[in-house]
Amino acid sequence: QNRREIIALIFTAMQNPFKVIALDLGGVIFDQSHENAIRHFEEVGVREAARYLNPFYQEGIFGDLEDGKISAEDFRRELSKLCGKELTLEDCRYGWTGFRIGLPQRNLDFLLRLREMGYRRVLLSNTNPFMVMDPDGTGFDGKGHSLDYYFDATYLSFECKLRKPSPEIYRYVLDKEGIRPEELLFVDDSPRNTEAAKALGIHVLNPQANTDWTGAVLRLL
């Protein structure tokens, strides 16, 4: 029965125009909390963290880090100046990873299901080195698997030096993947990001953050 279901899903996938499914990280793949990140940064000494952190789009040195304009060490040094005390890289990682409050297994299972259906899965995220570190060796999923286990390619803002909602990052992904806009389905919880992609002819899904979006994707497929 399971094999017949997979075959049917693969056949369905062959009938629609999507070749690549791009997914955001925070709020889509993992559940995130702006308030928890603020608490984490405050705990390491960034007293006015709420002034600097945004749920969707960072600015100042936080934005520079996600843009790839400064390194993790540059960020540590500048944040230390900002809060008036010497911070470690681990302090910075603790602050940033406060955004991540959970990783639903259903999302990981769905990514593997998309692979079985024949879709190419890519990660398209505004993020930074601290969010993709694996200091304890447990991997992205806590089970020893890295992002590469779940995604065929990762387009991370600090590596691409481009950030959503800039049209350039979507064009960059289309060019790298060798596809037309209508062949890409983009899932992101930020309306600003999905509207920018939609303007380029990309098909989008804009779920509310930290909700189950997997059924909605299946219906589009």
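Scroll up to find the structure this text is about.
Below or above, wherever it landed, is the structure these notes cover. Predicted model, so just to flag it, every value in this text is computed and none were measured.

### Here's the deal with the overall build of the protein
Then, in step 1: Helix and strand content of the protein: 12 helices and 7 strands.
Then, in step 2: Relative to the globule expectation of 17 Å for 221 residues, the C-alpha radius of gyration of the protein, 18 Å, shows essentially globular dimensions.
Then, in step 3: C-alpha atoms of the protein, sized along the principal axes, occupy 60 × 35 × 25 Å.
Then, in step 4: The buried share of the protein, reckoned over its 221 residues, is 49%.
Then, in step 5: Split by element, the accessible area of the protein, about 10,700 Å² in all, is 49% carbon and sulfur.
Then, in step 6: Of the charged side chains in the protein, 28 are positive and 34 negative, and the gap between their average positions amounts to 3 Å.

### Examining the packing of helix α2 (residues 34-43) against helix α6 (residues 89-96)
Then, in step 1: Between α2 and α6, whose axes approach to 7 Å, the crossing angle comes to 160°. Relative to α6, the element α2 is oriented roughly antiparallel. When α2 is examined against α6, the residues Ala-37, His-40, Phe-41 and Glu-43 are found in contact with a partner set consisting of Cys-92, Tyr-94, Gly-95 and Trp-96.
Then, in step 2: Here the residues of the contact of α2 with α6 are counted per class, giving 5 nonpolar, 2 polar and 1 charged.

### Comments concerning unusual backbone geometry
Then, in step 1: Residue Pro-165 is reached from Lys-164 by a cis peptide bond, and omega for that bond is 10°.
Then, in step 2: Position of Pro-165 among the secondary structure elements: in the loop between α9 (157-160) and α10 (167-177).
Then, in step 3: Even without a glycine there, the phi angle at Lys-161 is positive, about 60°.
Then, in step 4: Turning to its location among the elements, Lys-161 is positioned in the loop between α9 and α10.
Then, in step 5: A positive phi is found at Asn-210, a non-glycine position, where the angle reads about 65°.
Then, in step 6: With respect to the element layout, Asn-210 can be found in the loop between β7 (203-205) and α12 (214-220).

### A short note on the sheet that holds strand β5 (residues 153-156)
The pairing of strands in a sheet happens through backbone hydrogen bonds and is either parallel or antiparallel.
Then, in step 1: Ordered by their spatial adjacency, 5 strands build an open sheet running β5-β4-β1-β6-β7, and the pairing between neighbours is parallel. The strands lining the two open edges of the sheet, one partner per strand, are β5 and β7. Shown here is a sheet whose adjacent strand axes are inclined to one another by a mean of 20°, direction ignored.
Then, in step 2: In this structure, strand β4 (residues 120-125) lies alongside β5, joined through 4 bridges in parallel fashion. From the neighbouring strand, Val-122 faces β5, where its bridge partner is Ala-153.

Thresholds, definitions, all that
Residues numbered from 1 in each chain as written. Predicted model: local features only at pLDDT ≥ 70, side-chain atom pairs only at ≥ 80, totals over all residues. Heavy atoms only, no water. Helix = DSSP H or I, 4+ residues; strand = E, 2+ residues; numbered from the N terminus. Rg over C-alpha atoms; globule rule 2.2 N^0.38 Å. Buried < 20%, exposed > 50% of the residue type's maximum accessible area, 1.4 Å probe, protein only. Areas by Shrake-Rupley, 256 points an atom, 1.4 Å probe, with all protein chains shown as cover. Lys, Arg positive; Asp, Glu negative; His and termini not counted. Charge placed at Lys NZ, Arg CZ, Asp CG, Glu CD. Axes fitted to C-alpha atoms, helices over the stretch in contact; angles between N-to-C directions. Parallel < 35°, antiparallel > 145°, perpendicular 65-115°, else oblique. Contact = heavy atoms within 4.5 Å. Nonpolar A, V, L, I, M, F, W, Y, C, P; charged D, E, K, R; others polar. Pairing = 2+ DSSP bridges.

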